[in-house]
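A look at the structure
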Amino acid sequence: MQQDIPDLAADNPRSPSWPTFSAGLLAAVVGFASSFAVVLQGLTSVGASPEQAASGLMALSISMGLGGIVLSLWHKMPISVAWSTPGAALLATAAAPAGGFPAAVGAFIVCACLIVASGLFKPFGRAVSAIPAPLANAMLAGVLLGLCLAPVEALANVPQLALPVILVWLVVSRINRLMAIPIAVVIAAVLIVMTTDGAKLDSTILSPEVLLIAPVFSLDAAVGIALPLFVVTMASQNIPGMAVLNANGYRPAPQRLFWSTGLFSFLSAPFGGHAVNLAAITAALCANPDADPNPKRRYWAVIFAGIFYCLFGLLAGMATSLATAAPPVLIEAVAGLALLGSLAAATSAALADEDMREAAIVTFLVTASGTSFFGVSGAFWGLLAGLGLLGLSRLKPALSALRKT
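The numbers attached to residues start from 1 for each chain and follow its sequence in the written order. pLDDT decides what is reported in this predicted model: residues at 70 or higher carry local features, side-chain atom pairs at 80 or more are listed and counted, and totals for whole chains, interfaces and linings draw on all residues regardless. Hydrogens and water are ignored here; the side-chain numbers use all heavy atoms of the structure.

Some points on the overall build of the chain
- To qualify as a helix, a DSSP run of H or I must reach at least 4 residues; to qualify as a strand, a run of E must reach at least 2; elements of each kind are numbered from the N terminus. Along the chain, the regular secondary structure elements total 18 helices and 2 strands.
- Counting over 405 residues, the chain shows a buried share of 52%.
- Looking at the chain alone, contacts between residues at least 24 apart form 83% of all its contacts between residues at least 6 apart.
- Every accessible area reported is derived by Shrake-Rupley at a probe size of 1.4 Å, with residue values counting cover from the shown protein chains alone. Of the roughly 17900 Å² of accessible surface on the chain, 69% is carried by carbon and sulfur atoms. Any residue under 20% of the maximum accessible area for its type is buried, any over 50% is exposed, and the rest in between are partly exposed; the area is computed with a 1.4 Å probe on protein chains only. Whether two residues are in contact is decided by their heavy atoms, any of which lying within 4.5 Å being enough.

A few points about the pattern of salt bridges
- Within this document, salt bridges are pairs made up of a side-chain nitrogen of Lys or Arg and a carboxyl oxygen of Asp or Glu, the two lying within 4 Å of each other. Evaluation of the coordinates by the stated rule reveals 1 salt bridge.
- A salt bridge links Arg297 to Asp292; the nearest nitrogen and oxygen atoms lie 3.1 Å apart. Just as Arg297 is buried, Asp292 falls in that class too.

A closer look at the nonpolar core
- Here, the term nonpolar core denotes a set of buried Ala, Val, Leu, Ile, Met, Phe, Trp, Tyr and Cys residues that are joined through side-chain atoms within 4.5 Å. With 116 residues, the main nonpolar core has Leu57, Phe101 and Phe108 as its most contacted residues.
- Discounting residues that sit within four places of it in the chain, Phe101 has contacts with Leu43, Val46, Gly47, Ala48, Gln52, Phe108, Ile213 and Gly272.

Description of the packing of aromatic side chains
- Only Phe, Tyr and Trp rings are paired, with Trp represented by its six-membered ring, and only when their centres lie within 6.5 Å; those with planes under 30 degrees apart are stacked, over 60 edge-to-face, the remainder tilted. Applying the stated criterion to the full structure yields 10 aromatic pairs.
- Geometrically, the ring pair formed by Trp18 and Phe21 is edge-to-face, given 5.6 Å between the ring centres and 85° between the ring planes. Taken as a pair, Trp18 and Phe21 lie in helix α1 (residues 18-33) at a separation of 3 residues, close to a single helical turn.
- Phe21 sits in the partly exposed class, given a relative accessible area of 28%.
- Pairing Phe101 with Phe108 gives two aromatic rings, centres 6.2 Å apart and planes at 75°, and the pair type is edge-to-face.
- With relative accessibility at 2%, the residue Phe101 sits in the buried group.

Digging into the side chain of Ser72
- Note on placement: Ser72 falls in helix α3 (residues 50-75).
- For Ser72, a relative accessible area of 0% puts it in the buried group.
- A polar side-chain atom of Ser72 sits 2.8 Å from the main-chain carbonyl oxygen of Gly68.
- Of note is the side chain of Ser72, whose polar atom sits 3.2 Å from the backbone nitrogen of Ile79.
- In this view, Ser72 contacts Met77, Pro78, Ile79, Tyr299, Val302 and Ile303; residues no more than four positions away in its chain are not counted. In the analysis that follows, any N or O atom pair within 3.5 Å is treated as a polar contact, provided that within protein one partner can donate a hydrogen and the other can accept it, and provided that, for residues neighboring in sequence, both atoms belong to side chains.

Thoughts on unusual backbone geometry
- We note that Lys76 has phi near 55°; this positive angle belongs to a residue other than glycine.
- Inspection of the secondary structure puts Lys76 in the loop between α3 and β1 (81-83).

Points about the packing of α1 against helix α10 (residues 177-195)
- To obtain an axis, a line is fitted to C-alpha atoms, over the contacting stretch when the element is a helix, and the angle between two such axes runs from 0 to 180 degrees between their N-to-C directions. Contact pair α1 / α10: the axes reach a minimum separation of 9 Å and the direction vectors enclose 60°. As summarised for this structure, α1 and α10 are arranged oblique, according to the angle between their axes. In this structure, α1 meets α10 at a crossing whose hand is left-handed. Counting all contacts with α1, which are made through Leu26, Val29, Val30 and Ala33, the residues of α10 involved are Leu178, Met179, Ile181, Pro182 and Val185.
- Its residues placed into classes, the contact of α1 with α10 shows 9 nonpolar, no polar and no charged. With respect to orientation, any angle under 35 degrees is reported as roughly parallel, any angle over 145 as roughly antiparallel, any angle of 65 to 115 as roughly perpendicular, and every other angle as oblique. Two helices that cross are described as forming a left-handed crossing if the nearer one is turned anticlockwise from the farther one by less than a right angle, and a right-handed crossing if clockwise. As a working rule, the residues Ala, Val, Leu, Ile, Met, Phe, Trp, Tyr, Cys and Pro are called nonpolar, Asp, Glu, Lys and Arg charged, and the rest polar, with Gly in that last group.

Overview of a nonpolar patch on the surface
- On the surface, Leu155, Leu163, Leu167, Leu170, Val171 and Ile175 cluster together into a nonpolar patch covering about 540 Å² of accessible area.
- Ranked by the residues each element gives to the nonpolar patch, the list is headed by helix α9 (residues 159-175), at 5 residues.
- Along the polypeptide, Val171 turns up in helix α9.
- Take Val171: its relative accessible area is 52%, and that puts it in the exposed class. The patches described consist of residues with a relative accessible area above 30% and no salt bridge, like charges being joined within 9 Å and nonpolar side chains (Val, Leu, Ile, Met, Phe, Trp, Tyr) within 5 Å.

Points about the side chain of Asp292
- In this fold, Asp292 is placed in the loop between α13 (281-287) and α14 (299-313).
- Only 2.8 Å separates the side chain of Asp292 from the backbone nitrogen of Asn294, close enough to count as a polar contact.
- If sequence neighbours within four positions are ignored, Asp292 has contacts with Ser17, Pro19, Thr20, Arg297 and Arg298.

Considerations on helix α16 (residues 328-351)
- Expected helix span is given by 1.5 Å per residue-to-residue step, counting one fewer step than there are residues. The end-to-end C-alpha separation of α16 is 32 Å, in line with the 34 Å expected for 24 residues at 1.5 Å each.
- Along its length, α16 reaches its greatest deviation from straightness, about 45°, at Leu339.
- Those residues of α16 lying buried are Val329, Leu330, Ile331, Ala333, Val334, Ala335, Gly336, Leu337, Leu339, Leu343, Ala346 and Ala350. One fitted axis covers the seven residues ending at a residue, a second covers the seven starting there, and the bend at that residue is the angle between these axes.

Here's the deal with the confidence of the model for the chain
- Taken as a whole, the chain shows an average pLDDT of 83; of its residues, 89% reach a score of 70 or greater.
- pLDDT measures the predictor's confidence residue by residue and takes values from 0 up to 100. For the chain, the element scoring lowest by mean pLDDT is helix α6 (residues 122-129), at 71; helix α5 (residues 100-120) scores highest, at 95.
- Low pLDDT, under 50, characterises residues 1-9; the stretch is placed with 2 contacts to residues that sit more than four places away or in other chains.

Considerations on the environment of Leu390
- The residue Leu390 is located in helix α18 (residues 378-404) in this model.
- A relative accessible area of 5% places Leu390 in the buried class.
- Separated by 33 residues in sequence, Leu390 and Arg357 have C-alpha atoms that sit 9.5 Å apart.
- In this structure, Leu390 is in contact with Pro132, Leu135, Met356 and Ala359, ignoring residues within four places of it in sequence.

Points about the environment of Gly241
- Its location among the elements puts Gly241 in helix α11 (residues 219-247).
- Given the relative accessible area of 0%, Gly241 is considered buried.
- Along the sequence, Gly241 and Ala283 sit 42 residues apart, while their C-alpha atoms lie 7.0 Å from each other.
- Not counting residues within four places of it along the chain, the set of residues in contact with Gly241 comprises Leu278, Ala279 and Ala280.

Right, here's the structure in full:
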């Protein structure tokens, strides 16, 4: 009678496997291709030149790649790191601050320091967590609304380019939702190459130049960019990222992960990167059983994803060149398609609590209006308005109780 001999190497958590390799590759493709247009749009909106945007995209790609590798090796858990897509969407709706992109870079550094502080100082982290989730989601939904309208605008302005991209997205999303945006990006890139004068595709920036941007610090940029960027990054990325890890049986110390991602954000900011954080969607790809049956080996999926992120970062100039050559509304349309799911989730979460619904709607409307006061963006005022209304609604019952006593 022949006895099966177990494959010890297959159960060795220190050795990678083909499932972890394929999961890591898929996570990197989805993470980069599905939202790089949002990042480029955001950096450009706050004053970055094409070269600076390419440098920022490269810095973010390498930062989240190395961040995922370091944290996964440190904890032996699949801890994915991604750029802040909601943060990039926030930037895309903002105007360039006084002082231009250097002032935005200063705000990125301030945001990174706030993320580090939220991890190192528990009272500060608790204060951030105390921001009601419906209001944070309402602010995010208001930020995303403008971009998510872009596909309709593109269909009206450049139908010959927008229609094929939207149709491909619709068809592929019915088959494989994760691959819908990456394939739509490929179609958009092909259309741009076919319809654009070759001279506009500047080959000199196919490999991005590393640009060190001297930051300028200002109160307006700190309040108008850094604070809203910090809030959406924490509420929409870091906290859900922890939830994904917990749901898959991993229990890392959240404070350590927060200050670590803040540190990687700090390192990428001088090169034009806005923020990196714990991933949610790509974390689910790397942490679930499909990545590997052995939960102790799944961290290899993040390591492979990190390697591919770094490689994609070296192609950031090519991505920026294509985006620069395209009609701006087409790039906004691709970004809007990528953010439709986020808009739906944020809107649903914002209106879920009936007691906070009115405050959430006010937050959403003020944010979506894009109105700025004193050079501070609508996202900050939207959150402030919602918190003020919520405070007033809770003050009335308290006053009534005092009168009765």
